[in-house]
Amino acid sequence: GCSSSPAGTDGGSGDGKIKVGVSIANFDDTFLMYMKDGMDAYAKSLGGEVDVTYVDAKEDAPTQLNQVENFISQGMDAIIVVPVNTQATEPMSNSAVAEGIPLIYVNRVPDYLPEGTTFVGSESIDAGIFQMEYLAELLGDEGNVVIMQGRLDNEASQKRTEGVQQVVAEHPGIEITKTQTANWSREEGMTLMENWLSSGDKINAVAANNDDMALGAIMAIEAAGLLGEIFVAGVDATPDAIAQVEAGKLDATVFQDANGQGGGAMEAAVNLAKGNAVDQYIWIPFQLVTPDNYQDFK
Amino acid sequence: MATEYILEMENITKRFPGVVALDNVQLKVRKGTVHALMGENGAGKSTLMKTIIGINQPDEGTIKFKGEKVEIPDTNAALSLGISMIHQELNPIPHMTVAENIFLGREPVIGKSGFVDKKQMVRDAEKLFDRLGIAINPRVKMKELSIANTQIVEIAKAISYNSDLIIMDEPTSAITEKEVANLFKIIRDLKKHEVSIIYITHKMDEVYKICDDITVFRDGQYIGSDTAENLGKEEMIKMMVGRELNQVFHKEEAEIGDVLLSVKNLTRKGEFENVSFELRRGEILGFAGLMGAGRTEVIECLFGVTKADTGEVYVQGKKVEIKSPEDAIKHKMALLTEDRKLTGCFLVLSVKDNMIMANIDKFTNGLFLNKKKIKNVCLEEKDKLKIKTPHINQLIRNLSGGNQQKVLISRWLLTDPEVLILDEPTRGIDVGAKAEIHKLMSKLAQQGKAVIMISSELPEVLGMSDRVVVMHEGKVTGEFERQDVSQEMIMKFATGTHKDH
Amino acid sequence: MKNESEKKVVTMSKDYKELTKDIFKKYGIVIIFLGMVALLSVLSPAFLQTRNLLNVVRQISVIGLVAMGVTMVIITTGIDLSSGSVIALSAVVAASLAQRPDWAAAKFPGLTGLPVIVPIMAGLAVGTIAGCINGTVIAKTKIPPFIATLGMMTVARGVALLYADGRPISSLTESYNFIGQGEVLGIPFPIILLAIMALAMHTLLNNTKFGRYVYAIGGNEQAAVVSGLNVSKYKILIYTIAGFLSGMAGIVLSARISSGQPGLGLGYELDAIASAVIGGTSLSGGIGTIPGTIVGALIIGVLNNGLDLLNVSAYWQQIVKGLIIVGAVILDERKNRS
Amino acid sequence: MKNESEKKVVTMSKDYKELTKDIFKKYGIVIIFLGMVALLSVLSPAFLQTRNLLNVVRQISVIGLVAMGVTMVIITTGIDLSSGSVIALSAVVAASLAQRPDWAAAKFPGLTGLPVIVPIMAGLAVGTIAGCINGTVIAKTKIPPFIATLGMMTVARGVALLYADGRPISSLTESYNFIGQGEVLGIPFPIILLAIMALAMHTLLNNTKFGRYVYAIGGNEQAAVVSGLNVSKYKILIYTIAGFLSGMAGIVLSARISSGQPGLGLGYELDAIASAVIGGTSLSGGIGTIPGTIVGALIIGVLNNGLDLLNVSAYWQQIVKGLIIVGAVILDERKNRS
Ligand SMILES: Nc1ncnc2c1ncn2[C@@H]1O[C@H](COP(=O)(O)OP(=O)(O)OP(=O)(O)O)[C@@H](O)[C@H]1O
Ligand SMILES: Nc1ncnc2c1ncn2[C@@H]1O[C@H](COP(=O)(O)OP(=O)(O)OP(=O)(O)O)[C@@H](O)[C@H]1O
Ligand SMILES: [Mg+2]
Ligand SMILES: [Mg+2]
């Protein structure tokens, strides 16, 4: 990969500690919290060397921009951002680059990644692709698939949905019959599935944009006595989801290496703050979790 | 010369759900006269006035103004025709100044900029007040004014439109004799300028002091019209109530007993100072004074609505702490407040709920309400006070003002009070009902209870009280036994001029 | 006298004439609701199936519980923006005490497998305390309920996140899950709970002194004070009951999804307020009923369900939902709710 | 007459005594705000730097714009829940007409590189129309503003999502971005815009007939009606202006992040209402000022900024923020806002 040289850092603030500001898209998001754990763990592993500030952007791009501006005026040595939206990163990238503060994006790839900024994470669309390819296999290349989307304006939701759609397009026997949002929520996933099942339309598989919605769908399916007749796949590989894979209720989920992404981002931040060079794109791939390999992810 | 009418209303009918408020009525007002519109509470007077000012649309009938048939879809239309109105329900905008209230919708602007000329507005208000002999600062907010001054502002506002026809719906319900006299002076002056006035009141004497013609309604129907000269008071009242009515006050002697309530040196800084008085069983104690004398403040403080700075209250000889109306009610006191709308009615609740609210405990079986008892008692009260409402589940806000007042009185009667405090109890109440309330007061006194009555109608104070306390600017200036008191004396002490000799 | 009786007859006959109009006025929202049901059963054959109808009611049971408390609060001219967050807080607290012993990642490894009454009491207590704080702040400091409960909305969500460290608390005991998923005689338990609470709340508002006082405080607070009501005390009680119901909703919700999550209930406060207002509760106080609110919640529930059944696309669902809610309130003739 | 003047003297002397108390009563919230600023500058040296202060004001400029419209609406006893969604709708529409010609994924490939006035007018028009619909529905059908604007909130969000197909509309022209990111004489453009609009709105409310009518309608609608005001007309106008300001906020916001997104502005309505109420606007109508609202918005802005500067953890931020907002309103003595 191409490497970026850190632009004019002084290698830490007055007291010798490296100050890192982290703006996370949403603290209500379970996956992102596991990623935060990864960052924390890495920072702690360095002893008292790093001083980290976490802020919650509450899924609002302008709030995130405010937070990055605040970090800049606080004189952070590096800034880590889990972008709310990858197409709204231009102003913060420009501000950080202009001030010579290294900016590391995690988890979601911004469209605009100028010199001086870095990305750590995976391709969102892959999650949908992995998930759907496995479902297609289970379906034997025919049947009706329904998609449960996350928040409609949310990028991960759109990319994962796109991934599912791409795979379905390659399988003429499979049809997407319904696409609807359950806003990342287990409760809404359950409600939506109940309503879909009520409608009496044939459903063979559910591709959910995250695990919580998938788990909600499973509960509705189980209540309707259809467990085993409808395949369900989620994304994130949360502990709850792994437990359901183990129980044989969830057919698949996609492991996104929260720890790896979080730790990787923090590592990059510390390195850049110290003036060391890192790759501009640090890829941490998705992995499919199925009953065959769930033990590796427990 | 044929009589020239400024307003001719014919065959007006107005229905509300469950009520025919106006049934084919008529009203003809001669130019440059004061026309009294008389009738009991709920006769339909206000309803008719609201059709003139464009708030109500009549279901049937025609309105001619200055000889031409007119449609009045909204108030704006009425105002531009040259009709303005003093509403029975006062309508202040509390957080705006007096001047802003008066000139709402007609603000003077600076040039053509659309910017309000606030200074000019205040000057205009001052000019208006000067002309009308009113001493109110136009810069203060409406909420600072007493209810009496609020009414005066509304009078001034209606007059300031320079209309050809001014409707006055009970303009004197909240003000005292002094201001009434001033209002009459203004009215005479307006008459000289050919302004016509429709005058609604429940104070019979006012009619003969100021009005030229009289029209009487009863139960939404037109009963008749005549000139004030031709139509005598007894005859008019008979037309209003449909039967003979004895006009003297129903003061019946009661045995005066022990001291029931005694108030010592009650003070609330800025409102009243060192107010002391005693109240005995069987007594009706009148409170007289000009507006702003602080009578309302005293009894609201006594009742625990506000907190006293210093002073003591004794009930049956025992010192009591009254920190809230709840405490006062526990000590068997009851207070009919002065401001019906603000502190009296639960407007969106039914007549029934309004009646029982101060004493629900009386209507419960254990945890639950005894709805049957509530219904029976309320129906009884409705009959007793002749409250005009289609049913007791009617919302109180749909009742006429006087009938609302009756509902509130029965609320307090239902608490079985030992001390009944009435602040302007007959405000807006018709002659018949007034007599009923007076009878009731006498009856309570005879039962060994006691009544405090604040009233700005001197004849009422003189007619009903065993003793009269007179207040002036927050201080008690005099106290008189029934036999020693006269109207002149009260006025002297109420204006503070008793010290001048 | 003759006139009197004549007049009564006139009034009566008119009454009969206007009876239909009056019925629509009084039951307008019910009729609108029935219209929606009729339309949906034509459009989607699945709609009227028992199973789907049970679904709808089960789905609204959480909002229904919250909306009843909110109704009472709104009747007193208050508002409760904190219900969604209180749901979350009660859900995580209750869930943390209802975890299965076999779950490795239990929040309190020493406190698993407790009798179901423990998490239930804990969840209800959390809601009750939150409500009591709301009520006390509002009654004692006289700040607007909007601000007080907005504060609680933020604080309770923060505490829920802190308590759960942003993560779901899962793997709950069967007996706890029963609250959200169980059935009694074929009727889902949340529905039974909603019905019982609705009956209790309706009785409370309609047949008790407390109920009359709620309406009185909303109708005219100053008049209530003068009538001898201890308004502060009742306000505290009212918000406390609302908090209790939110706490119960949090338990039902977490039991329904077998997981207490700090993000639960987001935006539920608006749905609850909307249910109350659609059902005829006046935001200027003094007016509102429990049956009305339940119909309001049903309208929202039927709408969500129906649009899913009809497979209306996600974006359009929002648009249609907004229009129908406004339309229903416009058609409803009881207008004085603002 | 003698008595009158005597009484005035009494009042005057009392006035002098209570002057300090009165000042706190009137400017309490400003003093609280200054207290917060003082505390923060002690706790965090970064806080008082010009750059940080400009940050704060720039950050509140969007909420400030919306809150001014909301203030006017609340003064009339109304409420506007739709502002957040209207922001999003105006942002996506404006952004779709402000895309750079070199951008392959442009929404309207034929309509790129237009003069900046086109997207601005489009964004403002969207907001104005939405506001006008709000106002018309409220004035003509008499349904509660809460429901009408709740409907608009859902509908506008749905339309924004539909229009943008859920995706951000990015790569906007430099001249458009200037609105959100530009500076004039070192002062960020959004601040200048906020200042100009605040001045205009303050003048409108304070010095024009229209302003008097806003207060009159809120203070006592019946009184406004009997004074011959066309209340419907003014209500429509008031909501229209609020919509216009939300539209403007949408433009500033999208220009600030160089992207129009259908998820923008979520929850901003609550922040805007909170700003107005913290600033002294009474939810029961008739009271409220633009300077007060700006101070309210500044308190929220300073709080967000300060908590970030002090490195308060995210969960605690919510808790602290909730407590401080409630605390500020409690300390503020102007209580009659409920
Ligand atoms: N909006 C309304 N809805 C239903 N009934 C109404 C309404 N307004 C007035 N009424 C009824 O119409 C009748 C006439 O009322 P109105 O206010 O005109 O009486 P009034 O003669 O002015 O009495 P008062 O002397 O007490 O003021 C009453 O029976 C009243 O209950
Ligand atoms: N809300 C208020 N704010 C400030 N001053 C008030 C307020 N209410 C009343 N006052 C003042 O208190 C004094 C007494 O009020 P009020 O006129 O009610 O007395 P009153 O003796 O009850 O007279 P009346 O019963 O004839 O109206 C007046 O000077 C009045 O201006
Ligand atoms: Mg009347
Ligand atoms: Mg008085």
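Below is a short write-up of the structure. No experiment lies behind these values; they were computed from the predicted model shown. (Residues numbered from 1 in each chain as written. Chains lettered and ligands numbered in written order. Predicted model: local features only at pLDDT ≥ 70, side-chain atom pairs only at ≥ 80, totals over all residues. Heavy atoms only, no water.)

## Focus: the overall build of chain A
Moving on, step 1. Tallying secondary structure elements over chain A gives 9 helices and 14 strands in all.
Moving on, step 2. Over its C-alpha trace chain A gives a radius of gyration of 20 Å, about what one expects of a compact globule, namely 19 Å for 298 residues.
Moving on, step 3. Seen through its C-alpha atoms, chain A measures out along the principal axes to roughly 65 × 35 × 35 Å.
Moving on, step 4. Evaluated residue by residue, chain A yields a buried proportion of 65% over its 298 residues.
Moving on, step 5. If you take every contact in chain A between residues at least 6 apart in sequence, the share linking residues at least 24 apart comes to 75%.
Moving on, step 6. Working note: accessible area of chain A is about 9500 Å², and carbon and sulfur atoms make up 45% of it.
Moving on, step 7. Between the mean site of the 15 positive side-chain charges and the mean site of the 45 negative ones, chain A shows a separation of 6 Å. (Helix = DSSP H or I, 4+ residues; strand = E, 2+ residues; numbered from the N terminus. Rg over C-alpha atoms; globule rule 2.2 N^0.38 Å. Buried < 20%, exposed > 50% of the residue type's maximum accessible area, 1.4 Å probe, protein only. Contact = heavy atoms within 4.5 Å. Areas by Shrake-Rupley, 256 points an atom, 1.4 Å probe, with all protein chains shown as cover. Lys, Arg positive; Asp, Glu negative; His and termini not counted. Charge placed at Lys NZ, Arg CZ, Asp CG, Glu CD.)

## With respect to the site of ligand 1
Residue and element names in this part refer to chain B.
Moving on, step 1. The local shell around ligand 1 holds 19 residues, among which K45, S46, T47, H202 and N398 are the closest.
Moving on, step 2. Between an oxygen atom of ligand 1 and a side-chain N or O atom of T47, the distance comes to 2.5 Å.
Moving on, step 3. Contact between ligand 1 and N398: an oxygen atom at 2.7 Å from a main-chain N or O atom of the residue.
Moving on, step 4. Within the complex, 88% of the 640 Å² of free accessible area of ligand 1 lies under protein.
Moving on, step 5. Elements supplying a minimum of two residues to the shell around ligand 1: β2 (19-30), α1 (45-53) and α14 (401-413).
Moving on, step 6. Among the elements that take part in the shell around ligand 1, α1 stands out by supplying 3 residues, more than any other.
Moving on, step 7. Considered class by class, the residues forming the shell around ligand 1 number 5 nonpolar, 11 polar and 3 charged.
Moving on, step 8. A domain-level breakdown of the shell around ligand 1 finds at least three residues from each of domain 1 (5-92 + 145-241) and domain 3 (342-416). (Near = heavy atom within 4 Å. Polar contact = N/O pair within 3.5 Å; in protein donor to acceptor, adjacent residues only side chain to side chain. Nonpolar A, V, L, I, M, F, W, Y, C, P; charged D, E, K, R; others polar. Domains from an automatic or database assignment.)

## A look at the sheet that holds strand β12 (residues 272-280) of chain B
All names here are of chain B.
Moving on, step 1. With respect to topology, 4 strands assemble into an open sheet ordered β12-β11-β14-β15, the strand pairing being antiparallel. Looking at strand neighbours, the two that pair on one side only are β12 and β15 (318-320), the edges of this open sheet. Taken over all neighbouring pairs, the strand axes of this sheet differ in orientation by 20 degrees on average, direction set aside. (Pairing = 2+ DSSP bridges. Axes fitted to C-alpha atoms, helices over the stretch in contact; angles between N-to-C directions.)

## A few points about the side chain of Q317 of chain D
Moving on, step 1. Turning to its location among the elements, Q317 of chain D is positioned in helix α14 (residues 314-331).
Moving on, step 2. Not counting chain neighbours up to four residues away, the residues in contact with Q317 of chain D comprise V55 of chain A together with L307, D308 and V312 of chain D.

## As for a negative patch on the surface
All names here are of chain A.
Moving on, step 1. Taken together, E133, E137, D141, E142 and E170 make up a surface patch of like negative charges.
Moving on, step 2. Within the secondary structure, E133 is located in helix α4 (residues 124-139).
Moving on, step 3. Residue class for E133 comes out partly exposed when judged on its relative accessible area of 40%. (Patch = residues over 30% accessible without salt bridge, like charges linked within 9 Å, V, L, I, M, F, W, Y side chains within 5 Å. Salt bridge = Lys/Arg side-chain N within 4 Å of Asp/Glu carboxyl O.)

## Details of the relation of the copies chain C and chain D
Moving on, step 1. Overlay of chain C on chain D (RMSD 0.1 Å): rotation 180 degrees, translation along the axis 0.0 Å. What we have between these two chains is a two-fold relation. Of every C-alpha in chain C, the one belonging to S284 of chain C sits nearest the axis of rotation, 4.3 Å from it.
Moving on, step 2. An overlap of 100% is found between the interface residues of chain C and their copies at the interface of chain D, pointing to a shared contact surface. (Least-squares fit on C-alpha atoms with pLDDT ≥ 70 in both.)

## So, the interface of chain C and chain D
Often, the extent of an interface is quoted as the loss of accessible area on bringing the components together.
Moving on, step 1. Each side of the interface is counted separately: chain C has 42 residues, and chain D has 42 residues.
Moving on, step 2. A combined buried area of about 3500 Å² lies between chain C and chain D, and 85% of that area is made up of carbon and sulfur atoms.
Moving on, step 3. Considering only the side of chain C, the residues that lose the most area to chain D are F146, I147 and Y315 of chain C, jointly responsible for 18% of the buried surface there.
Moving on, step 4. The interface formed by chain C and chain D contains 0 salt bridges.
Moving on, step 5. The interface formed by chain C and chain D includes 3 residue pairs in polar contact (both at pLDDT 80 or more).
Moving on, step 6. Residue assignment for the side of chain C that touches chain D shows that the elements contributing at least two residues are α5 (117-141), α6 (145-164), α12 (268-278) and α14 (314-331) of chain C.
Moving on, step 7. Ranked by residues supplied to the side of chain C that touches chain D, first place goes to α6 of chain C with 14 residues.
Moving on, step 8. Grouping the amino acids of the side of chain C that touches chain D by side-chain chemistry returns 29 nonpolar, 8 polar and 5 charged. (Buried area = accessible area lost by both parts, 1.4 Å probe.)

## Focus: the pattern of salt bridges
Moving on, step 1. Considering all chains together, one arrives at 44 salt bridges over all chains under this definition.
Moving on, step 2. A salt bridge links D153 of chain A to R151 of chain A, with the nearest nitrogen and oxygen atoms 2.8 Å apart. The pair D153 of chain A / R151 of chain A is uniform in exposure class, with both members buried.
Moving on, step 3. The residue D236 of chain A makes a salt bridge to R160 of chain A at a minimum N-O spacing of 3.9 Å. Taken together, the residues span a long stretch of sequence, with D236 of chain A in the loop between β10 (231-233) and α8 (239-246) and R160 of chain A in helix α5 (residues 155-169) at a distance of 76 residues.
Moving on, step 4. Residue class for R160 of chain A comes out buried when judged on its relative accessible area of 6%.
Moving on, step 5. Within the structure, one salt-bridge network assembled from shared partners comprises D37 of chain A together with D165 and R167 of chain C.

On their own, these measurements won't tell you what the molecule is for.
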